[in-house]
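An overview of the molecular structure
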Amino acid sequence: MSTQPVPAFEPPYVMAVFSNIRTDDDSGYPEVLARMKEIVRTNPGYLGYESARTPGGLGITVAYFRDHESLTAWREDLEHQAAMKQGRSDWYESYTLHVGTVERSHGFVRNG
């Protein structure tokens with residue numbers, strides 16, 4: 001099975017775009033990342049995410065939520081807050097977070 005983009009949803013919905021440059025410190029990162037993926041899925045408004053890293057080291061993750069309340073619940077999750085704190089102290093050289101409301105969404109999948 002090939003990787004597919006997150007499907008288009010009926011707007012409006014919310015996206016959080018997290019762009020980052022990582023440090024060389026990877027200690028604990030894979031385990032915390034796995035845990036974050038596990039707990040975000042328990043958020044009823046969570047729709048999915050896409051993530052990629054360039055060969056030059058720029059990482060971009062886009063997470064989609066049904067509404068701002070769902071995104072706020074994710075931001076305020078205590079385990080997520082602890083992970084964000086550790087990210088600032090250990091794993092990220094820099095990052096930027098952009099939050100926006102999706103007004104239009106459509107997709108395409110080739111058949112065959």
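In this report, we go over the structure that sits alongside the text. All figures in this text were calculated on a predicted structure; none of them were measured in a lab. (Residues numbered from 1 in each chain as written. Predicted model: local features only at pLDDT ≥ 70, side-chain atom pairs only at ≥ 80, totals over all residues. Heavy atoms only, no water.)

**Examining the packing of helix α1 (residues 29-40) against helix α3 (residues 78-91)**
Close contact between α1 and α3 brings their axes to 11 Å; oriented N to C, the two are set at 150 degrees. Classified by the angle their axes make, α1 and α3 are roughly antiparallel. Viewed along their axes, α1 and α3 form a crossing whose handedness is left-handed. Residues Y29, V32, R35, M36 and I39 of α1 touch α3, and the partners they reach there are E79, H80, A83, Q86 and W91. Looking at the contact of α1 with α3 residue by residue, the class counts come to six nonpolar, two polar and two charged. (Axes fitted to C-alpha atoms, helices over the stretch in contact; angles between N-to-C directions. Helix = DSSP H or I, 4+ residues; strand = E, 2+ residues; numbered from the N terminus. Parallel < 35°, antiparallel > 145°, perpendicular 65-115°, else oblique. Left-handed = near helix turned anticlockwise from the far one by under 90°. Contact = heavy atoms within 4.5 Å. Nonpolar A, V, L, I, M, F, W, Y, C, P; charged D, E, K, R; others polar.)

**Looking at the pairing of strand β2 (residues 46-53)**
Note that β2 and strand β3 (residues 58-65) share seven bridges and pair antiparallel. When the bridges of β3 are listed, G48 appears paired with Y64. (Pairing = 2+ DSSP bridges.)

**Notes on the nonpolar core**
One finds V14, A16, M36, I39, V40, Y46, A63, F65, L71, W74 and A83 forming the largest nonpolar core, which totals 11 residues. Elements represented by at least two residues in this core include exactly β1 (13-22), α1, β3 and α2 (68-76). Examining the composition of this core, we find that three residues originate from one element, α1, more than from any other. Among residues more than four places away in sequence, those in contact with Y46 are V40, R41, Y64 and F65. If you look at the next biggest cluster of nonpolar residues, it comprises six residues, including Y13, V17, Y64 and V102. (Core = buried A, V, L, I, M, F, W, Y, C linked by side-chain atoms within 4.5 Å. Buried < 20%, exposed > 50% of the residue type's maximum accessible area, 1.4 Å probe, protein only.)

**Quick notes on the packing of aromatic side chains**
Scanning the model with the defined rule gives eight aromatic pairs in all. Considering the side-chain rings of F9 and Y13, the 5.7 Å spacing of their centres and the 80 degrees angle between planes classify their relative orientation as edge-to-face. Exposure remark for Y13: the relative accessible area of 5% places this residue in the buried category. Taking the centre distance of 5.7 Å and the plane angle of 65 degrees together, the rings of Y46 and F65 count as edge-to-face. Here Y46, found in strand β2, pairs with F65, found in strand β3; they are 19 residues apart in sequence, far enough to count as distant. The buried category is assigned to Y46, whose relative accessible area is 16%. (Phe/Tyr/Trp six-rings, centres within 6.5 Å; stacked < 30°, edge-to-face > 60°.)

**A closer look at α3**
Its 14 residues give α3 an end-to-end C-alpha distance of 18 Å, which sits within 8% of 20 Å, the value for a rise of 1.5 Å per residue. Within α3, the full set of buried residues consists of H80, A83, G87 and W91. One side of α3 holds all its buried residues, which, seen down the axis, span an arc of 55 degrees. Looking at α3, the residues exposed on the side facing more than 90 degrees away from the buried face are L78, K85 and S89. On its buried side, α3 packs onto β1, α1, α2 and β4 (92-102). (Expected span 1.5 Å × (residues − 1). Arc of directions from axis to C-beta.)

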